[in-house]
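# Results of the structural survey
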Amino acid sequence: MSDVDLTTDEITEATELVTDAVTAEAVLELSPAEGRSPVARWYAVQVASSCEKKVKATLEQRAVTLGVDSRILEIEIPQTPAVKLKKDGSRTSTEEKVFPGYVLVRMVLDEDTMMAVRSTPNVINFVGAEDRRATGKARGHIKPRPLSRQEVDRIFKRAAEKKPVVKVDLTEGDQILVTAGPFKDFQGEVIEVSAERNKLKALLSIFGRETPVELEFSQISKQS
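Described in the following lines is the structure provided in the data block.

## What to know about the overall build of the protein chain
- Within the protein chain one finds four helices and 14 strands.
- Looking at the protein chain as a whole, 34% of its 224 residues qualify as buried.
- Only carbon and sulfur atoms are counted for the fraction: they give 49% of the accessible area of the protein chain, which is about 13,300 Å².

## Observations regarding the sheet that holds strand E10 (residues 175-178)
- Ordered by their spatial adjacency, five strands build an open sheet running E13-E12-E11-E10-E14, and the pairing between neighbours is antiparallel. Across the chains shown, the open sheet's two edge strands, defined by having one partner strand only, are strand E13 (209-216) and strand E14 (220-222). The average angle at which neighbouring strand axes cross in this sheet is 40°, direction not considered.

## Some details on the nonpolar core
- Of all hydrophobic cores here, the largest spans 19 residues; its most connected members are Val 45, Ile 72, Val 103, Val 105, Met 107, Val 117 and Phe 126.
- Put simply, the parts of the chain that give this core at least two residues each are strand E1 (41-47), helix H2 (52-65), strand E2 (72-76), strand E5 (102-107), helix H3 (111-118) and strand E6 (123-126).
- Counting residues in hydrophobic clusters, the runner-up holds 12 residues, among them Ile 176, Ala 202, Leu 215 and Phe 217.

Quick notes on the rules
- Residues numbered from 1 in each chain as written.
- Predicted model: local features only at pLDDT ≥ 70, side-chain atom pairs only at ≥ 80, totals over all residues.
- Heavy atoms only, no water.
- Helix = DSSP H or I, 4+ residues; strand = E, 2+ residues; numbered from the N terminus.
- Buried < 20%, exposed > 50% of the residue type's maximum accessible area, 1.4 Å probe, protein only.
- Areas by Shrake-Rupley, 256 points an atom, 1.4 Å probe, with all protein chains shown as cover.
- Pairing = 2+ DSSP bridges.
- Axes fitted to C-alpha atoms, helices over the stretch in contact; angles between N-to-C directions.
- Core = buried A, V, L, I, M, F, W, Y, C linked by side-chain atoms within 4.5 Å.

Quick look at the structure:
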């Protein structure tokens with residue numbers, strides 16, 4: 001099992017948030033010609049797998065080089081705390097991306113800032129609505145849509161409040177030692193892993209009988 005695999009619930013929530021962002025009512029940005037300052041808003045940008053940090057660093061540098069750093073104001077990769085359980089039973093604190101494959105950019109949307117983002121290596125495109133072509137079957141241009149205030153609040157609130165997730169490299173047949181709870185010091189064999197629940201089932205020898213017991217990842221260590 002990979003320690004970066006998304007669970008079913010996480011994929012569903014990510015899909016719902018992105019869908020909400022795409023369908024949210026677009027807020028028109030006012031140009032200086034209309035006598036008011038442009039408004040900076042948050043946009044979701046799809047990037048190549050595992051390239052979120054690279055895109056963030058590159059875009060921050062390019063914004064300065066291209067002279068648009070006053071309009072590309074923030075680049076964020078929402079993350080939540082996680083605990084990785086190693087094979088030797090040790091635990092290390094880490095962070096897990098809320099939405100792998102996406103970065104959030106707060107920016108004033110104009111031709112220059114769009115080009116700066118779209119031309120950054122490993123960027124796929126903005127999340128938005130497709131402007132379909134009047135003729136032909138070719139795909140239309142993606143028009144960036146700003147995230148609503150409610151969606152931004154939900155994303156950052158989730159990143160700030162979510163409890164640490166325990167990630168563990170376990171498969172059926174692995175030998176484990178129970179390190180906490182009523183079955184502490186019992187040894188057993190994994191028979192089922194429920195990554196989305198951070199739990200597993202193991203056969204433990206209780207009163208001379210092999211008994212299936214449900215345990216949390218945080219209660220066990222993997223035996224070599």
